[in-house]
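Overview (structure and organization)
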Amino acid sequence: MALIVRKSLETDTIETNDVLTELQQLRKMVLFDKVTGLFTMDMFLKKGAQMIEEEGIIPGIIVFSVDNLDMIAGMYGIEECDKVKELIGDGLRKILTTSYLYGRVHEDLFAVMTHYDEEDELINVVELLTEKITAHVTNAKVQLSFGICPMGESKDIGSAISKAELAKRTIKSNKNGENYAIFTESIEKRMAEDAKMNAEMDHALEHRQFAMYLQPIVNIRTHEIIAAESLVRWKHPTMGVLSPFKFLPLFEANNFIIKMDHFIWNEACKAIRHWMDNKIEPIPINLNISAIHFDHPKFVEILSEMVAKNKISPQYICLEMPEKIFSEPSEKIGNTLMELRAAGFTICIDNFGSYHSPISFFMNSPVSIIKMDRNFLKNNMMTGIGTTFVRYIYAIASEFGMQVVAEGVEDMDQVNELTDLGCEYAQGFFFSKPIDLRDFDTLRSNNMKTEYIPKVLYPTFEFEDRNMLP
């Protein structure tokens, strides 16, 4: 990477007398962040414009923040958060000694501007900062995420910072585990869609544009639908029927997920009441529970009131929760899980195997149902050792009285493989895509045997078992 050597911009100082006047103090507060001593946004923009004008560089903008700052605040207090930011500022001064401009441009957002010839050079800076800053911040373990915006011929630094921040927000959906994202036009389009949905979501809820869909969970031996997972679709008036992948990340970020989930939970309770009123045998409905609900003080109370209002038993409500909740439990989460179990709700761990679950999980958990992550199953069923591992998870779960459901089943071969492993329950597009309540009732009334026939599992006799033959 070509470096432009010059004195460090960050060391620019405001000439002062021994006693700063009030005006000079105010000017210093505007130009320099009081916690880190770095440039504020105003000074960053001013110095950046000077770099572009005087040196004719092609600039790239990198922004980053500490993802787990709220957790650090909760565990150690606000003072430690400020200490983290102070150490990051100190780290930037030590790491980026030449040809870089850097500052704290928002409350929790740091920005770096530098020259680049190839985008890989900006990625190299991200990797350098990740390594050095995580090592330099010694008072807490920090997790950093970065957004990159190559500016090209543009001179609009403020816009580039906004675009880099937009890119950073997409990192949660990054499947490669990378801690950075590069701004593209598709990201800008997605963020425009998010802004549109953000403006319309309350209206959509009020006018019942959100709809509950059900996907059946099937006993692959008896061919019966034994439960259903409730999912949400947005019947948007101009964008059509939107998949949750389109709007759930936004709703989780802005906390609207709480309102929408409450609506879907109530729809599920009404569906069970509908079955009871129409002499249709009710089956459990699985509700998806985001980790954010554990911060709601009336989480258990709201669920219990919905069940009571619709005059149904909590045994028909199964709560699907992400594996991470169980892998990193707090006392608060543990107490809430026990409250839910005591209230009569069934607890299910979703996407088992996508995070990390210790063996002790089976002994110390209030979970009754395990849903095996589709990728976990797929990856392990490709090898003999992996297949044995999955088989033993089924066996252990069975010993502890847990029901195991295989997710993401898409073809007959998978059904046969799961049958061989001892799996009884499965869910996926092979059986049915998510459908509305009316179509779900029609599907239940049909004989699932006509949809598929799994192969029959017969025992095999090893050499030492031959004396058992008649």
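In short, a report on the structure. None of the values given here were measured: they were computed from a predicted structure.

Calculation notes
Residues numbered from 1 in each chain as written. Predicted model: local features only at pLDDT ≥ 70, side-chain atom pairs only at ≥ 80, totals over all residues. Heavy atoms only, no water. Helix = DSSP H or I, 4+ residues; strand = E, 2+ residues; numbered from the N terminus. Buried < 20%, exposed > 50% of the residue type's maximum accessible area, 1.4 Å probe, protein only. Axes fitted to C-alpha atoms, helices over the stretch in contact; angles between N-to-C directions. Parallel < 35°, antiparallel > 145°, perpendicular 65-115°, else oblique. Left-handed = near helix turned anticlockwise from the far one by under 90°. Contact = heavy atoms within 4.5 Å. Nonpolar A, V, L, I, M, F, W, Y, C, P; charged D, E, K, R; others polar. Pairing = 2+ DSSP bridges.

**Considering unusual backbone geometry**
One non-glycine residue, N255, adopts positive backbone phi at about 70 degrees. Topologically, N255 is positioned in the loop between helix 8 (244-254) and helix 9 (256-277). Accessibility expressed as a relative area gives 42% for N255, which makes it partly exposed. One non-glycine residue, K311, adopts positive backbone phi at about 55 degrees. Within the element layout of this structure, K311 appears in the loop between helix 10 (299-309) and strand 10 (317-322).

**What to know about the packing of helix 7 (residues 185-206) against helix 8**
Direction vectors running N to C along helix 7 and helix 8 enclose 65 degrees, while the axes themselves pass 10 Å from each other. By the angle between their axes, helix 7 is roughly perpendicular relative to helix 8. Seen from above, helix 7 lies across helix 8 with right-handed handedness. Contact residues: helix 7 offers R190, E193, D194, M197, N198 and M201, while helix 8 offers F245, K246, F247, P249, L250, F251 and N254. Residue classes in the contact of helix 7 with helix 8 are distributed as seven nonpolar, two polar and four charged.

**Details of the sheet that holds strand 3 (residues 110-115)**
An order of 2-3-1-4-5 is seen for the five strands of this open sheet, with the pairing classed as mixed. Each end of this open sheet is capped by a strand with a single partner; those strands are strand 2 (100-104) and strand 5 (180-182). Looking at each pair of strands side by side, their axes are set apart by 15 degrees on average, direction ignored. Relative to strand 5, strand 4 (residues 144-150) is paired through three bridges, and the arrangement is parallel. Pairing of I148 across the sheet is with I182, part of strand 5.

**Thoughts on the pairing of strand 1 (residues 59-66)**
With eight of its eight residues buried, strand 1 lies for the most part within the structure. Pairing geometry for strand 1 and strand 3, over six bridges, is antiparallel. Looking across to strand 3, one finds that F64 is bridged to F110. Of the pairings in the sheet, the one linking strand 1 to strand 4 comprises seven bridges and is antiparallel in character. What sits directly across from G60, in strand 4, is P150.

It is worth stressing that arrangement in space is one thing and function is another; only the former is reported here.
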